[in-house]
Amino acid sequence: MAAIYQAVCRRAALFCRSHSTYVRKMRYLNKLKEDDNFCRQAQTSGTFYLFHNLSPLLQQVGKKYLIPQLSAAEMKRILEKFKETEQWIEKSVLIGCSDEHVPHFALDLGALEKSVIESELKGSFTNLQKALFVVDVKDCSLLASAKALLQWHSSHQYCSKTGQPTQKNVAGSKRVCHASGITYYPQMSPVVIILVSDGSRCLLARQPSFPEGMYTALSGFCDLGESVEQTVRREVAEEVGLEVESLWYSASQHWPFPDSCLMIACHALVRGQQTEISIDSLELEEARWFDLEEVLEGLKREPRSSKRDDGSFLPWFPPRQAIAHQLINEWVKQQAS
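As the structure is a computational prediction, the values presented were derived from the model and not from experiment. (Residues numbered from 1 in each chain as written. Predicted model: local features only at pLDDT ≥ 70, side-chain atom pairs only at ≥ 80, totals over all residues. Heavy atoms only, no water.)

### Structural notes on the pairing of strand β12 (residues 201-206)
For β12, the buried fraction is high: five of the six residues fall into the buried class. Bridge count between strand β11 (residues 189-197) and β12: two bridges; the pairing is antiparallel. Bridge pairing in β12 places V196 opposite L203. Between β11 and β12, which pair antiparallel in sequence order, lie three residues; one of them, G199, sits at a positive phi of approximately 110°. (Buried < 20%, exposed > 50% of the residue type's maximum accessible area, 1.4 Å probe, protein only. Helix = DSSP H or I, 4+ residues; strand = E, 2+ residues; numbered from the N terminus. Pairing = 2+ DSSP bridges.)

Laid out in C-alpha cells, this is it:
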C-alpha cells in the first residue's frame with residue numbers, strides 16, 4: 001500500500017507541476033529566450049515599454065503615474081511617424097510576460113526626437129531613479145530589469161577578445177561574437193546592504209550625492225573571492241570603523257544603479273561597548289546612530305516635508321520600493337518584540 005500511495009503522490013505532484021501557472025510561464029519565457037523565430041513571432045502580439053536614453057515613459061493620471069504598454073500596432077504607428085521601419089522592434093529586449101503569456105518587451109528610442117514621442121503618447125520620459133519611487137511597486141522590477149538589460153546591450157556591442165561587433169539574439173538574453181564564438185550573457189554585480197545595530201539603536205548614513213536629509217543602510221560591492229559574510233564585516237569596518245559581532249541574511253533585490261546589481265540585504269550586530277563611529281570620508285558624508293523613536297518619525301516623513309524653516313533637513317529614509325526600507329522596518333519590528 002505504501003508503494004502505491006507514493007506512486008500516486010508522485011503522479012499528483014507531476015500533474016500539479018505540469019499545470020502550474022508559474023512553471024508554464026517560466027518555460028514559455030525560456031523558449032522565447034532560446035528560439036529566435038518564436039520570439040520574433042511573439043513580438044507581434046506583445047506589449048512594449050518605451051525608454052529614451054534609459055529613461056522610461058510615464059503617463060500621469062490624476063495623482064498616479066502609469067507605465068503605458070504599447071501594442072505592436074501602436075509601435076508601428078509611432079515608428080512610421082519617424083519614417084522608420086518595423087525592424088526597429090528587433091532592437092527591443094524581453095523583460096517578462098503576463099500569466100496569460102503576453103510577452104513584455106522594452107525598447108529604447110533614444111535616437112528619435114523625445115518631444116515628438118511624448119506629445120504623441122501624452123507622457124514624459126522620466127529619470128528612472130525618480131520613476132521607481134512614483135510607480136506601483138509591482139512595476140518597479142520590470143522597469144529596473146528593462147533599464148539594466150538595455151544598458152548592458154549598449155555597453156557590450158563589441159567582443160572583448162576580438163574587438164569585433166557582437167550580435168544580440170531576438171530576446172536580448174545574450175550576445176554572440178561570431179568571429180570568436182564567444183557568447184556573452186548579462187551579469188549582475190553582488191552588493192551587500194547592511195543595517196548595523198548595537199541592540200537598541202541602528203546606524204544609518206548618507207553620501208554627498210544623496211538627496212538632502214536622506215539616510216540609509218551601509219552598502220558596498222563584494223570583492224572577488226569574498227563571501228557575503230566577509231563583505232559585510234569588511235564594509236562596516238571600512239565605512240564606519242566598527243567590528244561586526246554577528247550577522248544574518250534578510251532578503252535580496254535587483255537594483256539597476258549604478259549598473260545591474262544584486263542587493264543582498266543583511267542585519268549586523270556590533271558590540272554595545274564598541275559603538276564609536278569613525279567614518280570613511282571618501283565614502284560617506286555622515287553616519288550616526290538612530291533610536292527607535294527617531295526611526296519611527298523618519299519612516300513617516302516624506303522628502304518634501306523634511307525641510308526645516310532654517311533650511312536644514314530632518315532625516316528621512318528610502319521609500320518602500322527600496323530594500324533598505326525593508327531592513328529598517330524589520331529592525332523596528334525586532335525592537336517592538
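From this point, the discussion proceeds with the structure in view.
### A look at unusual backbone geometry
Excluding glycine, a negative phi dihedral is what most residues carry, and trans is how most peptide bonds are arranged. Note that the residue after F257, namely P258, is joined by a cis bond; omega there is -5°. Within the secondary structure, P258 sits in the loop between β14 (244-255) and β15 (261-270). Even without a glycine there, the phi angle at N53 is positive, about 50°. Inspection of the secondary structure assignment puts N53 in the loop between β1 (47-52) and β2 (55-61). In the Ramachandran plot, L54 falls in the positive-phi region, its phi being about 75° despite a non-glycine side chain.

### Notes on the pairing of strand β6 (residues 103-108)
Within β6, six of the six residues are buried, leaving the element largely enclosed by the surrounding structure. Side chains P103, F105 and L107 project from β6 onto one buried face, and the interleaved H104, A106 and D108 project onto a second face that is buried too. When β1 meets β6, the two strands line up parallel, connected through five bridges. Across the sheet, T47 pairs through a bridge with H104, a residue of β6. As paired elements, strand β5 (residues 93-97) and β6 share four bridges and run antiparallel to each other. Opposite L94, over in β6, you have F105 as the bridge partner. Once β5 ends, the chain turns through five residues before running back antiparallel as β6, passing H101 with a positive phi of about 65°.

### Some thoughts on helix α2 (residues 21-34)
With 14 residues, α2 should cover 20 Å at 1.5 Å per step; its first-to-last C-alpha distance of 20 Å lies within 8% of that length. Buried within α2 we find V23, K25, Y28, L29 and L32. The opening residue of α2, the one whose side-chain oxygen lies 3.2 Å from the backbone nitrogen of Y22, is S20. (Expected span 1.5 Å × (residues − 1). Polar contact = N/O pair within 3.5 Å; in protein donor to acceptor, adjacent residues only side chain to side chain.)

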